[in-house]
Amino acid sequence: MNPSTLRIATRKSALALWQAEHVAALLRAAHPGLDVELVPLSTRGDEILDQPLATIGGKGLFLKELEVAMLEGRAELAVHSLKDVPAQLESGFTLPAILPRADAADAFVSNHYTELAALPCGARVGTSSLRRQAQLRALRPDLVLRDLRGNVGTRLGKLDAGDYDAIVLACAGLERLGLASRIVSRLAAPDWLPAPGQAAIAIEAREGQPAVLDLLAALDDADTRLTVSAERAMNQALGGSCTVPVGAWCMLGEHGLHLRGLVGDAASGQLLHAEGSAPADQAMALGEQVAQALLAQGAARWLQANS
Ligand SMILES: NCc1[nH]cc(CCC(=O)O)c1CC(=O)O
């Protein structure tokens, strides 16, 4: 029997609510007559704001409460930023749809400087992401990196208050919130790598409910699924979560998939790079192959130090 209502569990941040509303609108358009509602919830990841994310640890910090809501029958699906979704899902859950990817680049955001290279020696740059810190240190060892947590609006507020000379955010998040004008320049591949899955929105649901999964699968974008699968397979083979300094960027072209990966050390700014190509149906194997190439260069010591 087809469900007549779908309830979407979502975090309450402006970005999460935008993404959940976006999915709701797409579901209503794909399935006229279907009733789609939002179920906004607080998660541990939203509440622990006084510690750097990397030290709180715990994969899926933003997912748990949403998964509990699905297990308790308070929601049929959850909407996430794919980069916040651990490579290994909780058992019993699946991702029936991955939406077409937005701009996966990071954004250099500043009120005084036009790009990273224009920052004066010793400038204060805000980011709590180890991946961003490692790449910033590699390019500009002279910068003073400072932790910066909170949702997108909070981070921009701290920049505007003068706490930082520049901050780094995801372009996709700024664009979704109507804040694209804050993007001063892009930090993009191949010089700079995003997080695995960055800029893709994922729908999570429980396995074993074919009628619901069918409705959700209507929103899946096959090409995005392929590229992010390679990125996530690489991250998983590195034992990664969003708290380790791993960057990945996969492109799909006429000749198949091309994946670039990096593992960095946020403290020293040392980076290890690897890349590889494979036919489009070999996304998982490509991810594992690039991960092996990074491990062969000694990536494991940094991954362990941060797990
Ligand atoms: N870590 C929070 C988070 N998770 C997803 C995005 C951006 C949107 C996306 O990547 O889809 C952001 C904000 C940011 O990193 O600036």
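The coordinates are above.
A brief report on the enclosed structure follows. Keep in mind it's a predicted model, so treat the numbers as computed, not measured.

**Quick word on the pairing of strand 11 (residues 246-253)**
Across eight bridges, the pairing between strand 11 and strand 12 (residues 256-264) is antiparallel. For Gly247, the partnering residue across the bridge sits in strand 12 and is Leu262. Between the antiparallel neighbours strand 11 and strand 12 lie two residues.

**Concerning the pattern of salt bridges**
Summed over all chains, the structure comprises twelve salt bridges. Of the charged contacts in the structure, one is a salt bridge between Asp160 and Arg182, with a shortest N-O distance of 2.6 Å. You can see Asp160 sitting in helix 6 (residues 152-160) and its partner Arg182 sitting in the loop between helix 7 (171-176) and strand 9 (185-187), a full 22 residues away along the chain. For Asp160, a relative accessible area of 43% gives the class partly exposed. Where Arg225 meets Asp220, a salt bridge forms, and the shortest distance between an N and an O atom there is 3.0 Å. The class for Arg225 is partly exposed, based on a relative accessible area of 27%. Judged by relative accessible area, which is 26%, Asp220 ranks as partly exposed. One continuous salt-bridge network, built from bridges that share partners, spans Asp106, Arg131 and Arg132.

About the cut-offs
- Residues numbered from 1 in each chain as written.
- Predicted model: local features only at pLDDT ≥ 70, side-chain atom pairs only at ≥ 80, totals over all residues.
- Heavy atoms only, no water.
- Pairing = 2+ DSSP bridges.
- Helix = DSSP H or I, 4+ residues; strand = E, 2+ residues; numbered from the N terminus.
- Salt bridge = Lys/Arg side-chain N within 4 Å of Asp/Glu carboxyl O.
- Buried < 20%, exposed > 50% of the residue type's maximum accessible area, 1.4 Å probe, protein only.

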